[in-house]
Amino acid sequence: MIMREILISECIELLRAHKFTVSKPLGRSCFDMVASRDDIRLILKILKNIDSLSREQSKELKKISKILHGTPLIIGIRTRNAPMEHGVVYDRYNIKAVTFETFRDYLEGSPPVVYANRGGFFVKIDGKVLKETREAMGISVGKLAEVAGVSRKAIYKYETQMANPSVEVAIKIEEYLDVPLVKGIDLFEPIDDEEVENKLENLEDFKREAINFLNELGFNSFVVEKAPFDAVAEKDVDNNLNILLTNIEEKGSEEVKRKALFVRELSRLLDGYSLLILEEKEKEYKNLPVVSIEELKKMDDALDLIDKYTELGFKGAKFLQNYWGVDTRDKRYEKYFEKLKEKN
């Protein structure tokens, strides 16, 4: 546990040194932190043993990464059987996993080129350059196969990007042709293999009711598990996707407030918003946008939710403009902006 905590601290320090904005580390979540820089968004999981990641955890990590438009990445120390190799990319349920040192090298401009797979270590090569160089030098497929110690079929597959050679085979081919072929591996490449399942049937009634209401307001809402928030609501306005991280709880408590404050900070990192929905709201919370189920029921449209945001002192005008594409100069919404001016 101590080793993992040290690794988390080292990752935060490294990311900040490379101009990333980094969230506070989480506990009991399918991801440990979110890091953002320009258009790069990383959803990171830190593990001592990367094989401790279960299939269900990986599904939720990929699901949340897809919803938040980020890339999942695992930073680890070892596999079940051996320490992880420096400079090698591992794969766990189609999520890339690397050591801290490999991650540091990547951020410093030296991407890894080797990946681990069943049967050993492999590299990705530029099949087009391979074919063009071979043909330009007048080397037959058979001759290159003989030099590399593989079949003619294997060479054809390398040239058409249908297969990748082992490290040893790639070295033989590069040395014989005297041309660089190996390509670096992009750790920030998004993955798109997970269908987003929305399991509303497993929710408590009041949570399902709250999410259905957000959908009626025009949001596309997704239920998540093993995360500090219960749902992510999205709305696309003018090709800009806006994110609302939502906590839905039965009643308020210090623990609920603490979690909601964390989610508020996380939403800011994602350039989004947060909302706490309570089945029973006994009081207002300073610096937190909170509504009850009953308040939601009384709202006729999205503007009522914006009005609530404005009453609480939040940036209602920006929220209104970003989420519903409202022109802030429109006279119909003048009362909302007047309230903002009064508060400021």
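The structure presented is a predicted model; accordingly, all values stated were derived computationally and were not measured. (Residues numbered from 1 in each chain as written. Predicted model: local features only at pLDDT ≥ 70, side-chain atom pairs only at ≥ 80, totals over all residues. Heavy atoms only, no water.)

Chemist: How do you make sense of the nonpolar core when you look at a structure like this?
Modeler: When a protein is soluble and globular, its nonpolar side chains tend to lie buried together. The biggest cluster of nonpolar side chains holds 49 residues, and the ones touching the most others in it are Phe31, Leu68, Ile173, Phe229 and Leu245. Excluding residues within four positions of it along the chain, leucine 68 makes contact with Arg41, Ile43, Phe229, Val232, Ile243, Leu245 and Leu270. (Core = buried A, V, L, I, M, F, W, Y, C linked by side-chain atoms within 4.5 Å. Buried < 20%, exposed > 50% of the residue type's maximum accessible area, 1.4 Å probe, protein only. Contact = heavy atoms within 4.5 Å.)

Chemist: Looking at this structure, how should I read helix H4 (residues 127-136)?
Modeler: Residue pairs three or four apart in sequence face the same way in an α-helix, which turns once every 3.6 residues. Among all positions in H4, only Gly127, Leu130, Thr133 and Arg134 are buried. When H4 is viewed along its axis, its buried side chains cluster within an angular range of 135° and face the same direction. For H4, the exposed residues lying more than 90 degrees away from the buried face are Lys128 and Ala136. Buried positions along H4 lie against strand E8 (120-125), helix H5 (141-148), helix H6 (152-159) and helix H7 (167-177). Two or three places before lysine 128, at the start of H4, stands the capping residue aspartate 126, its side-chain oxygen 3.2 Å from that residue's backbone nitrogen. Two residues or fewer past H4, glycine 138 is found with a positive phi of approximately 70°. (Helix = DSSP H or I, 4+ residues; strand = E, 2+ residues; numbered from the N terminus. Arc of directions from axis to C-beta. Polar contact = N/O pair within 3.5 Å; in protein donor to acceptor, adjacent residues only side chain to side chain.)

Chemist: I'm lost on the packing of aromatic side chains in this one. Help?
Modeler: The geometry of an aromatic ring pair is captured by the separation of the ring centres together with the interplanar angle, meaning the angle of the planes. Tallied over the entire structure, the rule returns four aromatic pairs. An angle of 45° between the planes, with centres 6.5 Å apart, marks the rings of phenylalanine 31 and phenylalanine 229 as tilted. Taken together, the residues span a long stretch of sequence, with phenylalanine 31 in the loop between strand E1 (21-22) and strand E2 (33-37) and phenylalanine 229 in the loop between strand E10 (220-223) and strand E11 (231-237) at a distance of 198 residues. Residue classification places phenylalanine 31 among the buried positions, given a relative accessible area of 0%. The class for phenylalanine 229 is buried, based on a relative accessible area of 1%. (Phe/Tyr/Trp six-rings, centres within 6.5 Å; stacked < 30°, edge-to-face > 60°.)

Chemist: Explain the layout of surface pockets here, please?
Modeler: Gaps left between atoms are located by rolling a probe of water-molecule size over the structure's atoms. Considering only enclosed or pocket space, the largest pocket measures out at about 660 Å³ in volume. The wall of the largest pocket is formed by 27 residues, among which Tyr90, Asp91, Arg92, Ala116 and Asn117 lie closest to the centre. Among the secondary structure elements, those contributing two or more residues to the lining of the largest pocket are strand E4 (71-78), strand E5 (88-92), strand E6 (95-98), strand E7 (114-117) and E8. The biggest single contributor to the lining of the largest pocket is E5, with four residues. Tallied by class, the residues present in the lining of the largest pocket amount to 12 nonpolar, six polar and nine charged. (1 Å grid on protein atoms, 1.4 Å probe; cavity = no way out; pocket = protein on both sides within 12 Å on 5 of 7 lines; lining within 4 Å. Points joined across faces, edges and corners; volume = space filled by probe spheres on them. Nonpolar A, V, L, I, M, F, W, Y, C, P; charged D, E, K, R; others polar.)

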